[in-house]
Amino acid sequence: PLAGDPRILSAWMVQCEGRMLPKFDAPLKDLHHELTQLVPEKMAMINAIMESTWPACVEELFEDVAKKRPRFIAHAIISNPVTYGHVHCASALGIPLHMAFPQP
């Protein structure tokens, strides 16, 4: 599974209209709050998601577990567009990527 909370990520993407950075024509007070608190918070979440993407596609097994069952390797990836790391993992594994937004 990926790191991060999908509800928080989804709410943030709706709030910021899909942008990673705030609108720079926003009032200075709002811009300061976003740049000093919200952006670092959300970037940490995006980083955690990115770092968890590869392990979600290729399960590294402990030695004793590896003797009992085969290692999991994804044959295809179905991903939300805002999770970001999907395209790199699909490319590295040479597998299909299907991106689908989970909300109507």
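First, a word on what this report is: a plain description of the structure on this page. Since we're looking at a predicted model, the values are computed, not measured.

## Looking at the layout of surface pockets
For the largest pocket, the calculated volume is near 280 Å³. Lining of the largest pocket is provided by 17 residues; of these, Pro6, Leu9, Asn80, Val82 and Thr83 occupy positions nearest its centre. Per-element accounting of the lining of the largest pocket gives the leading share, five residues, to helix H1 (residues 6–15). Along the lines of polarity and charge, the residues of the lining of the largest pocket split into 10 nonpolar, six polar and one charged. Taken together, the elements giving at least two residues each to the lining of the second largest pocket come down to helix H2 (28–57) and strand S1 (77–79).

## As for H2
Compared with the 44 Å implied by 1.5 Å per residue over 30 residues, the 42 Å span of H2 between its first and last C-alpha is a close match. Along H2, the largest kink reaches about 40 degrees and is centred on glutamate 34. What H2 keeps buried is the set Leu31, Leu38, Val39, Lys42, Met45, Ile46, Ile49, Ser52, Thr53 and Cys57. Along its buried surface, H2 packs onto H1, S1 and helix H4 (86–93).

## What to know about the pattern of salt bridges
Any two side chains of opposite charge can pair if their charged atoms end up close together. In total, this model carries two salt bridges according to the counting rule given. Across the pair arginine 7 and aspartate 5 runs a salt bridge whose closest N-O atoms are separated by 3.2 Å. Lysine 42 is the partner of glutamate 41 in a salt bridge, and the nearest nitrogen-oxygen pair spans 3.2 Å. Residue glutamate 41 is classed as partly exposed on the basis of its relative accessible area, which comes to 48%.

## Some points on the packing of H2 against H4
Closest axis-to-axis distance for the H2/H4 pair is 9 Å, and the angle between their directions is 35 degrees. Crossing angle aside, the handedness with which H2 passes H4 is right-handed. Facing H2, whose interface residues are Thr53, Trp54 and Cys57, H4 presents His86, Cys89, Ala92 and Leu93. Its residues placed into classes, the contact of H2 with H4 shows five nonpolar, two polar and no charged.

Parameters and conventions
- Residues numbered from 1 in each chain as written.
- Predicted model: local features only at pLDDT ≥ 70, side-chain atom pairs only at ≥ 80, totals over all residues.
- Heavy atoms only, no water.
- 1 Å grid on protein atoms, 1.4 Å probe; cavity = no way out; pocket = protein on both sides within 12 Å on 5 of 7 lines; lining within 4 Å.
- Points joined across faces, edges and corners; volume = space filled by probe spheres on them.
- Helix = DSSP H or I, 4+ residues; strand = E, 2+ residues; numbered from the N terminus.
- Nonpolar A, V, L, I, M, F, W, Y, C, P; charged D, E, K, R; others polar.
- Expected span 1.5 Å × (residues − 1).
- Bend = angle between axes of the 7 residues up to and from the residue.
- Buried < 20%, exposed > 50% of the residue type's maximum accessible area, 1.4 Å probe, protein only.
- Contact = heavy atoms within 4.5 Å.
- Salt bridge = Lys/Arg side-chain N within 4 Å of Asp/Glu carboxyl O.
- Axes fitted to C-alpha atoms, helices over the stretch in contact; angles between N-to-C directions.
- Left-handed = near helix turned anticlockwise from the far one by under 90°.

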